[in-house]
Amino acid sequence: MKERIVQERAWLRSFQQLIFGIVGVFLIVVLPVIAWTDSLFWGIVYTGLVLVPVNVMYIRRSRMRRTLNPQLAQRYRQQLRSDMLNTIAFFIAINGGELLESNAAYIGGVLIVGVAGWLTMRIEKRMKEEDVWRPTYEQLRG
């Protein structure tokens with residue numbers, strides 16, 4: 001159990017550093033470029049490119065958890081699919097009028113956001129119910 005806690009904390013630390021770097025580059029580089037060009041195109045391109053390393057981190061977490069707790073391999077795969085659907089839905093939602101010309105496509109994107117959020121909550125609840133390492137979640141917070 002100690003190994004899992006150490007690996008979960010290491011992953012969380014790496015993910016937080018990645019997000020901090022993404023936000024920093026956005027604030028320091030992308031926002032001035034958007035203001036200078038008066039176009040959201042570069043923000044959209046940046047967001048699309050940023051979603052790649054975020055999904056790579058989700059894949060790393062899923063592999064780590066599957067090796068440490070093989071009984072929940074199916075739940076971890078479901079969580080990975082849900083995480084990727086969330087990132088795609090996020091990308092569609094923030095690009096409303098810029099990339100998606102029709103209202104139907106935008107409404108479809110918003111529906112994907114809702115479904116992805118619902119799936120994530122459902123999978124997270126099931127995983128916590130079935131996880132034999134339940135105390136790990138409380139220890140990660142502390």
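Residues numbered from 1 in each chain as written. Predicted model: local features only at pLDDT ≥ 70, side-chain atom pairs only at ≥ 80, totals over all residues. Heavy atoms only, no water.

> Help me get a handle on the overall build of the protein chain, residues and values and all.
A tally of helices and strands in the protein chain yields six helices and zero strands. A buried classification covers 32% of the 142 residues belonging to the protein chain. Within the protein chain, residue pairs in contact and separated by at least 24 positions form 70% of the contacts whose partners lie at least 6 positions apart. Total accessible area on the protein chain is roughly 9,000 Å²; 67% of this is exposed by carbon and sulfur atoms. (Helix = DSSP H or I, 4+ residues; strand = E, 2+ residues; numbered from the N terminus. Buried < 20%, exposed > 50% of the residue type's maximum accessible area, 1.4 Å probe, protein only. Contact = heavy atoms within 4.5 Å. Areas by Shrake-Rupley, 256 points an atom, 1.4 Å probe, with all protein chains shown as cover.)

> I'd love a proper account of the pattern of salt bridges, names of residues and values included.
Going through the model one piece at a time under the given rule, you end up with two salt bridges. Linking Arg65 and Glu8 is a salt bridge whose minimum nitrogen-to-oxygen distance equals 2.8 Å. Of the two residues, Arg65 is situated in helix 2 (residues 41-68) and Glu8 in helix 1 (residues 2-37); the sequence distance between them amounts to 57 residues. A salt bridge links Asp83 to Arg61; the shortest N-O distance between them is 2.3 Å. Taken together, the residues span a long stretch of sequence, with Asp83 in helix 3 (residues 73-94) and Arg61 in helix 2 at a distance of 22 residues. For the residue pair Asp83 and Arg61, the accessibility class agrees, reading buried in each case. (Salt bridge = Lys/Arg side-chain N within 4 Å of Asp/Glu carboxyl O.)

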